Amino acid sequence: MWYQKPVINEELLQSLPNLKMVANSGVGIDHLDLNLLSSYGVKVSNTPFVVSTDTADLGMALMLASSRRLVEGYQMAVSPETEHFPADWLGTEVSGATLGIVGMGTIGYKVAKRAKAFEMKILYHNRNQRNKEEESAVGAIFCKKIDDLLQQSDFVLLSVNLTPQTHKLIGKRELELMKPTATLINISRGLVVDQDALVEALQNKVIKAAALDVTYPEPLPRDHPLLKLKDVIITPHIGSATKKTRRLMMENMTESIQAGLTGLPIPNEVL
């Protein structure tokens, strides 16, 4: 499967009675009905680890681009109407700011490693607390309640799997808990955020900005209000989109398929 295609439904499974293996590119498996696949005896794999470095890099890139207004700055610099650069055109500091990471898995932890180099204060909210050695290595502080993280963070970065528990995890209430100067960064799945609530929060200055690698749907309709807001950066779901990583993803998928067909243990099997 690549970009969630083909759609794996009962009709397809019935038409492929010899199907043994579905190898999914990337981490997210929210588009797969695992119970249905299991009922047909079909095994599933994904590629969770190979995408983590590039996705963490993109999370930092979105934070920097949003805070330093790189897209606006580029447009100003190349515009034929620009005659001078305004002295009061300012961005927001990243170094020394507070970063709240929601979802401290492999990707979230790699974001924390990068943020440490920017001397950021790092808060995180996760299903399970990391051990003390891992926390100390990046200087991260565990927030048992997501509310505490939202209230304190200058940047909130979402790096969670999409599950029934994380569906619209960030809604109107959560956005109102954030600082009016805060930026929301989403490198997980679009449905982790209530997009209507996000639009309203941005329009009403409840939060300052958003930097999104994911939306729902993808791409957004061309008249969607998020595309018209100045303090929003949207990229086309490119967290893992480097040549090296995409090749490694394909190799991982091939290895899983070969193992599944020969009865060997499947690398990165989704259980």
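These figures come from a predicted structure and were not determined experimentally.

Attention shifts here to the pattern of salt bridges. On inspection of all chains with the given rule, the structure shows 11 salt bridges. One salt bridge in this structure joins Glu135 and Lys132, with 3.7 Å as the shortest N-O distance. Taken together, the residues Glu135 and Lys132, both in helix H6 (residues 132-138) and 3 residues apart, mark about one turn of the helix. Its relative accessible area of 55% is what places Lys132 among the exposed residues. With its nearest N and O atoms 3.0 Å apart, the salt bridge here joins Asp147 to Arg173. Placement of Asp147 in helix H7 (residues 146-152) and of Arg173 in helix H8 (residues 172-177) is noted, with a sequence separation of 26 residues between them. A relative accessible area of 44% means that Arg173 is categorised as partly exposed. Taken together, the salt bridges that share partners define one network made up of Asp147, Arg173 and Glu174.

A few words on the UniProt feature "domain: D-isomer specific 2-hydroxyacid dehydrogenase catalytic" (unreviewed entry) in the chain. Under the feature "domain: D-isomer specific 2-hydroxyacid dehydrogenase catalytic" (unreviewed entry), the UniProt entry names residues 2-270. Along residues 2-270 the backbone is 36% helical and 13% strand, and the end-to-end C-alpha distance reaches 16 Å.

Criteria and thresholds
- Residues numbered from 1 in each chain as written.
- Predicted model: local features only at pLDDT ≥ 70, side-chain atom pairs only at ≥ 80, totals over all residues.
- Heavy atoms only, no water.
- Salt bridge = Lys/Arg side-chain N within 4 Å of Asp/Glu carboxyl O.
- Helix = DSSP H or I, 4+ residues; strand = E, 2+ residues; numbered from the N terminus.
- Buried < 20%, exposed > 50% of the residue type's maximum accessible area, 1.4 Å probe, protein only.
- UniProt positions renumbered as here; feature names shortened; annotations may be inferred.

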